[in-house]
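Structural features, examined
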Amino acid sequence: MPFDLTGKTALVTGASSGLGRHFANVLARSGCAVAIAGRRRERLEGLQRDLEALGARCVPVTLDVTVASTLAKAVDEAEARVGPIHILVNNAGMNIQGRAIDMDPSGLDQILDTNLRAPFLLATEIARRMISRGEGGRIINVASIGAFRVLAGLSAYCMSKAGVAMMTQCLAREWARYGINVNAICPGYIATELNQDWFESEAGKAQIKGFPRRQLMREQDLDEVLLLLASDSSAAVTGALFSVDDGQSL
Ligand code: NAI
């Protein structure tokens, strides 16, 4: 691993699958202690066993990020078990595919609550603690290429991710003086539970053929950017929106 995070502590949301699970693994392999947050306790405990087998310190934290009243308690629990959080990875996210005219208010609320409101509330919860400790920190938001361009059938998702991109810049500006760096990774398409059904469909396969490299990305394509943003090497990088999309947006 190109970056050494020994002595650092991270909280990763949505860690029971996909990118969140992968990010927790990458951070742990770089020496970071990791609090893995999500709703599916059994999966978190399975990941905990895997990471502990690597010699990492790891604690599962059961958390639904949309329940605002539980966020502080979850961070308390994580910090009590692995120590003060230096790195937050706001990864939990969801989508509902379909036409905007078919979206009902509860679906819209669910997307915005999960993808935009929760990362804001968690970032502010963690930042207050970082500010009071005076040691700075790193907040990494997982946005999407949908923050910058229309992904057909994913209007509310793109709206939420565009919000995450602007939130990243607003918080980076506000917290720069405290040494808290806030950045976003904006990935292209990677096969996960979020989009598995779509990319197994004929229309999804046709979409892949339209990408410049005719392929989906791999989870590991994000590793170096994640580690750079988590590490002390990115001291002067804040408010940046990193598209890592294998050219899919071109
Ligand atoms: P995923 O579905 O495997 O992971 C999302 C995780 O968030 C799941 O573990 C899910 O249970 C969790 N989650 C959803 N709502 C939650 C809630 N209320 N409380 C706690 N956890 C919750 O999908 P994937 O792809 O790993 O997604 C991770 C992030 O990456 C998301 O923010 C997604 O928007 C983003 N992303 C994914 C891309 C892809 O192609 N897979 C591309 C660009 C961004």
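Because the structure is predicted, anything quoted here is derived from the model rather than measured.

A full pass over the atoms with the stated rule returns two aromatic pairs. Relative to Phe199, the ring of Tyr189 has its centre 5.2 Å away and its plane inclined at 75°; by these criteria the two rings are edge-to-face. Of this pair, Tyr189 sits in the loop between β6 (180-187) and α6 (196-200) while Phe199 sits in helix α6, and the two are ten residues apart along the sequence. Like Phe199, Tyr189 is buried. Seen in terms of ring centroids, Tyr189 and Phe211 are 5.8 Å apart; in terms of plane orientation they differ by 20°. Their pairing is stacked. In this pair, Tyr189 sits in the loop between β6 and α6 while Phe211 sits in the loop between α7 (202-210) and α8 (223-230), placing the two residues 22 residues apart along the sequence. Pair check on accessibility: Tyr189 and Phe211 agree, each one buried. Ring pairing ties together the aromatic residues Tyr189, Phe199 and Phe211, which thus form one cluster.

Let us look at the sheet that holds strand β3 (residues 58-62). The strands that make up a sheet pair up through hydrogen bonds in the backbone, lying either parallel or antiparallel. If you walk across this open sheet you meet the seven strands as β3-β2-β1-β4-β5-β6-β7, and the pairing is parallel. Only two strands of the sheet have a single partner each, and these edge strands are β3 and β7 (241-244). On average, each strand axis in the sheet is tilted by 20° relative to the strand beside it, whichever way the strands run. The sheet strands contacting helix α3 (residues 71-82) are β1 (9-13), β2 (33-38) and β3, and the helix crosses β3 at an angle near 165°.

Cut-offs and rules
Residues numbered from 1 in each chain as written. Predicted model: local features only at pLDDT ≥ 70, side-chain atom pairs only at ≥ 80, totals over all residues. Heavy atoms only, no water. Phe/Tyr/Trp six-rings, centres within 6.5 Å; stacked < 30°, edge-to-face > 60°. Helix = DSSP H or I, 4+ residues; strand = E, 2+ residues; numbered from the N terminus. Buried < 20%, exposed > 50% of the residue type's maximum accessible area, 1.4 Å probe, protein only. Pairing = 2+ DSSP bridges. Axes fitted to C-alpha atoms, helices over the stretch in contact; angles between N-to-C directions. Contact = heavy atoms within 4.5 Å.

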